Amino acid sequence: MALSTRAGEAVSASWPTFLSYEVTRISGYESYSREQPTGFVNLFFAQNALARGDMRERYSQYMTQCAQLDDEDMNYPGDVLGSWELRTEVAKFLAHHTNPSLPLDPRHIVASNGVGLLIYVLAKALFDEGDYVLLPTPTYHCAIQDFCSAGVRIAPIETSFQQEYELTVQKIRETYEDHKSQGKTIKGFFLMSPSNPFGQVYPKSLLQDILHFCVEEKIHLIADEIYLRSIFKDDPPFTSCLALDFKEGSEDYFHYLYGLSKDFCSPGIRSGFLYTRNERLLEYFVGQNYYYHMSSVTENLHLKLLQDVKWREKVFTPMSHAALRESREFFTSQLDRIGIPYVRSCQAGFFVWMELRQFLKSDDFDGERELFNRLFDEGRGVALVPGRNTLSSVPGYFRAVIAIPRETAQIVIQRIQAILRI
């Protein structure tokens, strides 16, 4: 059956991102576990398996506490932007961890079913079809799909492995001017901070310059800080985009995203929060969030976590940070041992970005796909995110999610060594 033109364009736009050859390729195979020791090790999806057990037990306790539903839980929500109680707790959480330069009013917060969904809705609200968004590349592969599915095109700000993918205002301006000279309309800048796939923290001066650039050019800055509480090294210190100096009129061009899925190991319990002082945009969400708001049960679970301050901050987060730090130290020590280069300037997140160009049979993206297949080894190897999925301009780079137990990490290294004959 033929799809609508709109749906066909959305399907086409999803390559080379999440709905890609690689995801389809791995979906029919068993993944590794102690019960399935010959299965492939899934390093594709950004999930923290190190702290998942502790968070699962805590959420199970929350579910027991929320087991008794009242009439209000069974009704339509009183506010499609999210309950006032939940948005108040989100504002308190963000205020505590971001040192905001302006008070965070819960009226300016939208609660929804995932950050990716919020990116898609923002793209529909702030961009016309065919407009462009500036985006440092390589980047988070699902963000590409979120924008492209809304008819927004990508203006990649290319960075390089040799320079540790350093982002500069000069590169941003050059990309912007180059696209403008071709008659392309740029409406926004999307920034993940800390970055994905590198886990880098940006200096405050650069973030302030990016905000100034966006306001000066009257384009929207969408800041995604979903790894806010997965920063395991604090040198240099992290600066949230909420802590920047907002001059009069700049607030309309700034939109902040956060979700609980990464920091608190709960991608399956959907959550996404938007903070914006743009009143027109908030009016738009009053109509649109009818389709995307959280269920009352999900709200109650996340509310329990946000109110569980002592356990969350004194027990879980320090444990998670230590586990992420140790995991990266072990995995990169093994990469050093077998001679695989990687990005070293990482302070956050679950990843390592590796250079495997020397193992390509052809120095192009066909060669990269062949290497992906070779490493996957018909469901017996490892699944990595290929560089093409992240809009890398150079083939042969891969993202691996390494927030995995030591035993699993050892198996990954053994398989990579065996398959690549290192």
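Note that the coordinates shown come from a computational prediction; the quantities given were computed from them, not determined experimentally.

### Quick look at the sheet that holds strand E9 (residues 351-355)
Neighbouring strands of a sheet are bound in pairs by backbone hydrogen bonds; such pairs are parallel or else antiparallel.
Then, number 1: The strand order E9-E12-E11 describes an open sheet built from three strands, whose pairing is antiparallel. In this open sheet, the two strands that pair with only one neighbour each are E9 and strand E11 (385-386).
Then, number 2: Pairing between E9 and strand E12 (residues 397-401): five bridges, direction antiparallel. Counterpart to Met354 in the pairing with E12 is Phe398.
Then, number 3: Helix H13 (residues 365-376) contacts E11 and E12 of the sheet and is inclined by roughly 35° relative to E12.

### Things to note about the packing of helix H12 (residues 309-338) against helix H14 (residues 406-420)
Then, number 1: Put simply, H12 and H14 touch, their axes get as near as 10 Å, and they point 20° apart. Compared by their axis directions, H12 and H14 come out roughly parallel. Crossing angle aside, the handedness with which H12 passes H14 is right-handed. Contact with H12, carried on its side by Phe330, Phe331, Gln334, Leu335, Arg337 and Ile338, involves Arg406, Ala409, Gln410, Val412, Ile413 and Gln417 of H14 and no other residues of that element.
Then, number 2: Taken together, the residues of the contact of H12 with H14 sort by class into seven nonpolar, three polar and two charged.

### Some words on the sheet that holds strand E8 (residues 272-276)
Then, number 1: Read across the open sheet, the seven strands follow the order E2-E8-E7-E6-E5-E3-E4; overall the sheet is mixed. The open sheet has two free edges, formed respectively by strand E2 (109-112) and strand E4 (153-158), since each of these has just one partner strand. When the angles between neighbouring strand axes are averaged without regard to direction, this sheet yields 25°.
Then, number 2: Pairing geometry for strand E6 (residues 220-224) and strand E7 (residues 254-258), over four bridges, is parallel. Looking across to E7, one finds that Ala223 is bridged to Tyr256.
Then, number 3: The strands that helix H7 (residues 141-148) touches are strand E3 (132-137), E4, strand E5 (186-192) and E6; relative to E4, the one it contacts most, it runs at about 145°.

### A look at the state of the cysteines
Then, number 1: Following the criterion strictly, the structure yields zero disulfides and no others.
Then, number 2: Among the cysteines around Cys148, which has no disulfide bond, Cys142 carries the closest sulfur, lying 12 Å off.

### Concerning the environment of Ile416
Then, number 1: Tracing the backbone shows Ile416 in helix H14.
Then, number 2: Ile416 gets classed as buried once you look at its relative accessible area, which sits at 3%.
Then, number 3: Along the backbone, Ile416 and Ile338 are 78 residues apart, and their C-alpha atoms lie at a distance of 9.7 Å.
Then, number 4: Those residues in contact with Ile416 that sit more than four places away from it in its chain are Ile340, Leu375, Val382, Arg421 and Ile422.

### Looking at helix H5 (residues 84-98)
Counting along an α-helix, one turn takes 3.6 residues, and residues three or four places apart therefore face a common direction.
Then, number 1: Look at H5: 21 Å from first C-alpha to last across 15 residues, which is about the 21 Å you get at 1.5 Å a residue.
Then, number 2: Among the residues of H5, those classed as buried are Leu86, Arg87, Glu89, Val90, Ala91, Phe93, Leu94, His97 and Thr98.
Then, number 3: Packing partners of the buried residues in H5 comprise E2, E7, E8, helix H11 (296-307) and H12.

### What about the packing of aromatic side chains?
Then, number 1: Following the criterion strictly, the structure yields 25 aromatic pairs and no others.
Then, number 2: Taking 6.3 Å as the distance between ring centres and 5° as the angle between the ring planes, the aromatic pair formed by Trp353 and Tyr397 counts as stacked. Here Tyr397 lies in strand E12 and Trp353 lies in strand E9, a separation of 44 residues in the sequence. With respect to class, Trp353 is no different from Tyr397; both count as buried.

### Some remarks on the confidence of the model for the protein
Segments scoring low in pLDDT should not have their predicted coordinates read at a detailed level.
Then, number 1: Here the protein shows a mean pLDDT of 92. Residues at 70 or above account for 95%.
Then, number 2: pLDDT under 50 marks residues 15-19. Its contacts with residues more than four places away, or in other chains, come to 19 contacts.

### A short note on the pairing of E7
Then, number 1: For E7, the buried fraction is high: five of the five residues fall into the buried class.
Then, number 2: Across four bridges, E7 lies against E8 in antiparallel orientation. By the bridge assignment for E8, Tyr258 is matched with Phe273.

About the criteria used
- Residues numbered from 1 in each chain as written.
- Predicted model: local features only at pLDDT ≥ 70, side-chain atom pairs only at ≥ 80, totals over all residues.
- Heavy atoms only, no water.
- Pairing = 2+ DSSP bridges.
- Helix = DSSP H or I, 4+ residues; strand = E, 2+ residues; numbered from the N terminus.
- Contact = heavy atoms within 4.5 Å.
- Axes fitted to C-alpha atoms, helices over the stretch in contact; angles between N-to-C directions.
- Parallel < 35°, antiparallel > 145°, perpendicular 65-115°, else oblique.
- Left-handed = near helix turned anticlockwise from the far one by under 90°.
- Nonpolar A, V, L, I, M, F, W, Y, C, P; charged D, E, K, R; others polar.
- Disulfide = S-S within 2.5 Å.
- Buried < 20%, exposed > 50% of the residue type's maximum accessible area, 1.4 Å probe, protein only.
- Expected span 1.5 Å × (residues − 1).
- Phe/Tyr/Trp six-rings, centres within 6.5 Å; stacked < 30°, edge-to-face > 60°.
- pLDDT = per-residue confidence, 0-100.

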